[in-house]
Amino acid sequence: MTSFTVHPGGGQRTGPSLAESKRLGQRVVGRLVGPGGVVRFENARAVHENLLRMGFALTQVATHGVRPGGRQVFYQSGHVLVRLKTTGTSRRPQPHMTVSLARGGTGWHDEHAKFNASGRLAGKTLRRGGRGGGSSPFTIIECQMDARTFGDHMDDWAHSTHFNCPAGFDVAFAHALPLTRA
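Trainee: Could you give an account of the environment of L24, with specific residues and numbers?
Mentor: Topologically, L24 is positioned in helix α1 (residues 18-32). Since its relative accessible area comes to 12%, L24 is described here as buried. Note: C-alpha distance between L24 and V80 (56 residues apart in sequence) is 7.3 Å. Sequence-distant contacts of L24, defined by excluding residues within four places in its chain, comprise M54, F56, S77 and V80.

Trainee: I'd like a rundown of the nonpolar core, residues and numbers included.
Mentor: By size, the foremost hydrophobic cluster in this structure holds 31 residues, and its most contacted members are V28, L51, F56, V82, M97 and V99. When contributions to this core are tallied by element, the ones reaching two or more residues are α1, α2 (44-53), β3 (72-77), β4 (80-85), β5 (96-102), β6 (111-115) and α4 (172-176). The leading source of residues in this core is α1, at 5 residues.

Trainee: So what's going on with the pairing of β4? Which residues, and what values?
Mentor: Most of β4 sits inside the fold, with 6 of its 6 residues counted as buried. With burial as the criterion, each face of β4 is covered, one bearing V80, V82 and L84 and the other bearing L81, R83 and K85. Following β3, the chain reverses through 2 residues before pairing antiparallel with β4; G78 in that reversal takes a positive phi of roughly 60°. Relative to β5, β4 is paired through 6 bridges, and the arrangement is antiparallel.

Trainee: How would you summarise the environment of G36 if you had to cite specific residues and measurements?
Mentor: Tracing the chain through its elements places G36 in the loop between α1 and α2. The spacing of G36 and S160 is 124 residues in sequence and 9.4 Å in space, taken between C-alpha atoms.

Trainee: Account for the confidence of the model for the protein, naming residues and giving values.
Mentor: Overall, the prediction assigns the protein a mean pLDDT of 80, with 74% of residues at 70 or greater. Below a pLDDT of 50 lies the segment residues 1-13, which in the model reaches 33 contacts outside its immediate sequence neighbourhood of four places, other chains included.

Trainee: Give me the lowdown on the side chain of S100, citing residues and values where you can.
Mentor: Structurally, S100 can be placed in strand β5. A distance of 2.3 Å separates a polar atom in the side chain of S100 from a polar atom in the side chain of E111. Residues within four places of S100 in sequence aside, it is in contact with H79, V80, L81, E111, A113, K114 and F115.

Trainee: Quick one: what's the story with α2, residue by residue and with numbers?
Mentor: Looking at α2, one finds that the buried residues are A44, A46, V47, H48, N50 and L51. Two residues or fewer after α2 comes G55, characterised by a positive phi angle close to 95°.

What counts, and at which threshold
- Residues numbered from 1 in each chain as written.
- Predicted model: local features only at pLDDT ≥ 70, side-chain atom pairs only at ≥ 80, totals over all residues.
- Heavy atoms only, no water.
- Helix = DSSP H or I, 4+ residues; strand = E, 2+ residues; numbered from the N terminus.
- Buried < 20%, exposed > 50% of the residue type's maximum accessible area, 1.4 Å probe, protein only.
- Contact = heavy atoms within 4.5 Å.
- Core = buried A, V, L, I, M, F, W, Y, C linked by side-chain atoms within 4.5 Å.
- Pairing = 2+ DSSP bridges.
- pLDDT = per-residue confidence, 0-100.
- Polar contact = N/O pair within 3.5 Å; in protein donor to acceptor, adjacent residues only side chain to side chain.

See the structure below:
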């Protein structure tokens with residue numbers, strides 16, 4: 001498995017340090033994700049309440065990026081972004097959650113690494129044959145790899161950084177939240 005290093009970089013730093021952000025991401029994973037990378041709670045309300053107790057703010061509720069009828073619920077604290085996808089996606093069609101190191105926005109391009117079930121960062125901006133870019137308070141060091149290795153790595157990466165919700169996960173609370181974006 002390819003390893004990645006995260007280091008401070010790119011422009012003036014605002015907000016929490018990398019070390020503080022890593023500790024917070026690790027706390028979130030430790031509290032919300034159980035053995036086998038499965039979300040510990042049976043419903044979206046419990047996830048929501050735990051994140052608020054940890055100092056996160058609910059920042060967006062949207063219908064984009066999920067299967068029809070679902071919600072994508074975003075929570076942020078500093079550089080840590082948590083996404084809860086209530087119906088999953090076409091590639092991962094079950095409710096799941098991710099915890100990311102991000103530069104402040106909620107867009108896919110704002111995330112630079114995701115936390116795995118062990119609380120370690122797994123680089124996200126990997127590109128075939130080169131390095132990712134963009135200004136960020138953090139920079140992910142990447143490596144080059146051939147197309148076959150790239151595909152294998154991305155499948156392993158996705159499996160390790162997307163935490164399925166348990167069977168029967170109740171999403172009613174998340175679906176009752178008012179939309180902030182379609």
